[in-house]
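A look at the structure
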Amino acid sequence: MLKKQVGFIGWRGMVGSVLIQRMTQEQDFNRFNSVFFSTSQKGQIAPEVINGNAILQDAYDMKLLTEMNVLVTCQGSEYSQRVLPQLRKLGWKGFWIDAASYYRMEQESMIVLDPINRKKIDAALNSGIKNYIGSNCTVSLMMLAIQGLINADLINWISVMSYQAVSGAGANAMQELLQQTAILDRDVVATGDILETEKAIRLKSQSEAFPCMNFMTAMAFNVLPFIDTVLPNGQSKEEWKIQAELNKILTRADLIAIDGICVRVPVLRAHSQALTIELKKTVSLREIETLLSSANPWVRFVENTPQETAKYLTPMAVTDTLNISVGRVKRTNLSNRHIQLFTVGDQLLWGAAEPLRRMLNICVMEQ
Ligand code: HSE
């Protein structure tokens with residue numbers, strides 16, 4: 001069988017790099033011919049992969065792009081918005097697999113999270129849908145974490161509070177957090193008086209010269225309960241995406257009501273979320289554990305103890321793994337039908353790169 005041509009755009013950024021790493025690990029590059037595109041470095045050397053074109057191609061070369069069976073882009077919404085309509089206008093019928101949010105809610109786009117919505121993806125493929133978009137990172141991580149409860153149709157509503165790592169805002173945001181930490185370490189001399197030291201750190205963090213280009217405030221020793229822009233209803237755009245995308249991914253007719261507050265925290269990588277869930281009926285904690293841990297191979301159920309939590313339920317514990325830890329599962333004082341849990345997963349893996357990698361394999365191997 002003739003190998004398909006797959007083009008990659010935006011493969012050097014954080015999500016793109018993690019995607020290429022995962023594909024290399026899984027030997028995905030054996031399955032197709034790869035062409036690497038660049039918006040600024042055409043003619044330079046492409047990454048060394050099996051069945052790969054050695055030279056970087058121009059990411060705005062519409063003719064060459066239309067020769068690809070599949071395009072995978074992590075270049076961002078601006079690129080997607082500019083390029084995809086031109087390709088379709090030229091009659092390109094290939095698959096567009098995209099990490100950016102721009103086309104997620106379009107009717108002719110499918111949000112991909114195949115462990116949850118494989119049937120819906122198959123139906124979309126059969127009906128000729130060509131645009132397959134990764135969901136917001138917190139949405140994919142949460143849905144995989146609670147897949148057991150979703151599958152059992154147990155959820156009435158969810159209140160979710162996120163604790164999102166600075167890498168969700170890009171590599172520069174990570175650099176800035178490290179820079180802030182280094183400046184504080186260099187300039188603030190710790191004295192025996194801990195309150196004096198705290199004051200010195202605070203004043204330094206609030207000073208004019210302190211580097212705060214990415215979040216409008218210091219992230220070192222701080223949290224910021226706002227991610228993205230504000231909407232007329234008071235939600236942030238990040239919060240709006242949760243209900244919109246989760247319900248688009250779901251195959252059920254009835255919607256799950258969900259809302260919360262998205263918070264940026266000074267963690268480098270991996271997003272955490274604390275959920276309060278109203279169940280449709282009372283279910284034993286033992287049964288909930290079984291449902292959660294048997295829903296997919298990535299959930300790691302964590303016993304509700306301080307020791308197990310510290311060991312397995314932190315960003316550090318899951319970073320650079322496909323594990324999605326779920327713990328602190330408990331009943332609340334609100335009622336027997338209200339439970340709480342905490343979950344954490346690597347937002348660059350299951351939150352971004354992995355669903356795209358799996359969708360690419362579906363397109364290449366099954367279409
Ligand atoms: N919107 C997400 C964030 C990106 O800001 O954290 C996904 O990691």
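Treat the numbers as computed from the prediction; the structure is a model and nothing was measured. (Residues numbered from 1 in each chain as written. Predicted model: local features only at pLDDT ≥ 70, side-chain atom pairs only at ≥ 80, totals over all residues. Heavy atoms only, no water.)

**Thoughts on the sheet that holds strand β3 (residues 57–58)**
In a beta sheet, neighbouring strands pair by backbone hydrogen bonds and run either parallel or antiparallel. The strand order across the open sheet built from seven strands is β3-β2-β1-β4-β5-β7-β6, with neighbouring strands paired in parallel fashion. On the outer flanks of this sheet lie β3 and β6 (109–112), each paired with one strand and no other. With four bridges connecting them, β6 and strand β7 (residues 131–134) associate as parallel partners. Its bridge partner lying in β7, I111 is registered against I133. (Pairing = 2+ DSSP bridges. Helix = DSSP H or I, 4+ residues; strand = E, 2+ residues; numbered from the N terminus.)

**Remarks on the domain arrangement of the protein chain**
Structurally, the protein chain comprises domain 1 (5–135 + 353–365) and domain 2 (140–169 + 224–346). Averaged C-alpha coordinates put domain 1 and domain 2 at centres separated by 28 Å. Between domain 1 and domain 2, roughly 1,600 Å² of surface is buried when both sides are summed, and carbon and sulfur atoms account for 66% of that area. Applying the counting rule to domain 1 against domain 2 returns one salt bridge. The salt bridge involving R104 is made with E245; its shortest N-O contact spans 2.8 Å. Elements with a contribution of two residues or more to the side of domain 1 that touches domain 2: α1 (14–25), β6, α4 (114–126) and α13 (349–366). Per-element accounting of the side of domain 1 that touches domain 2 gives the leading share, four residues, to α4. (Domains from an automatic or database assignment. Buried area = accessible area lost by both parts, 1.4 Å probe. Salt bridge = Lys/Arg side-chain N within 4 Å of Asp/Glu carboxyl O.)

**Description of the site of the ligand**
In the vicinity of the ligand, the residues found are N136, C137, Q164, G168, I227, E238, R264, H271 and Q347. Here Q164 contributes a side-chain N or O atom positioned 2.9 Å from an oxygen atom of the ligand. A total of 260 Å² of accessible area belongs to the ligand in isolation, and the protein chains cover 80% of it. Class assignment of the residues belonging to the shell around the ligand gives a composition of two nonpolar, five polar and two charged. (Near = heavy atom within 4 Å. Polar contact = N/O pair within 3.5 Å; in protein donor to acceptor, adjacent residues only side chain to side chain. Areas by Shrake-Rupley, 256 points an atom, 1.4 Å probe, with all protein chains shown as cover. Nonpolar A, V, L, I, M, F, W, Y, C, P; charged D, E, K, R; others polar.)

**Some details on the pattern of salt bridges**
Overall, the coordinates contain 18 salt bridges when judged by the stated rule. Among the ionic pairs, R22 bridges to E26, the shortest N-O distance being 2.9 Å. For R22, a relative accessible area of 8% puts it in the buried group. By relative accessible area, which is 36% here, E26 ends up partly exposed. (Buried < 20%, exposed > 50% of the residue type's maximum accessible area, 1.4 Å probe, protein only.)

**Considering the environment of A169**
Within the fold, A169 resides in the loop between β8 (155–164) and α7 (171–187). Distance from A169 to A200, taken between C-alpha atoms, is 27 Å for residues 31 residues apart in sequence. Non-local contacts of A169, meaning those with residues more than four positions away in its chain, are made with F215 and R264. (Contact = heavy atoms within 4.5 Å.)

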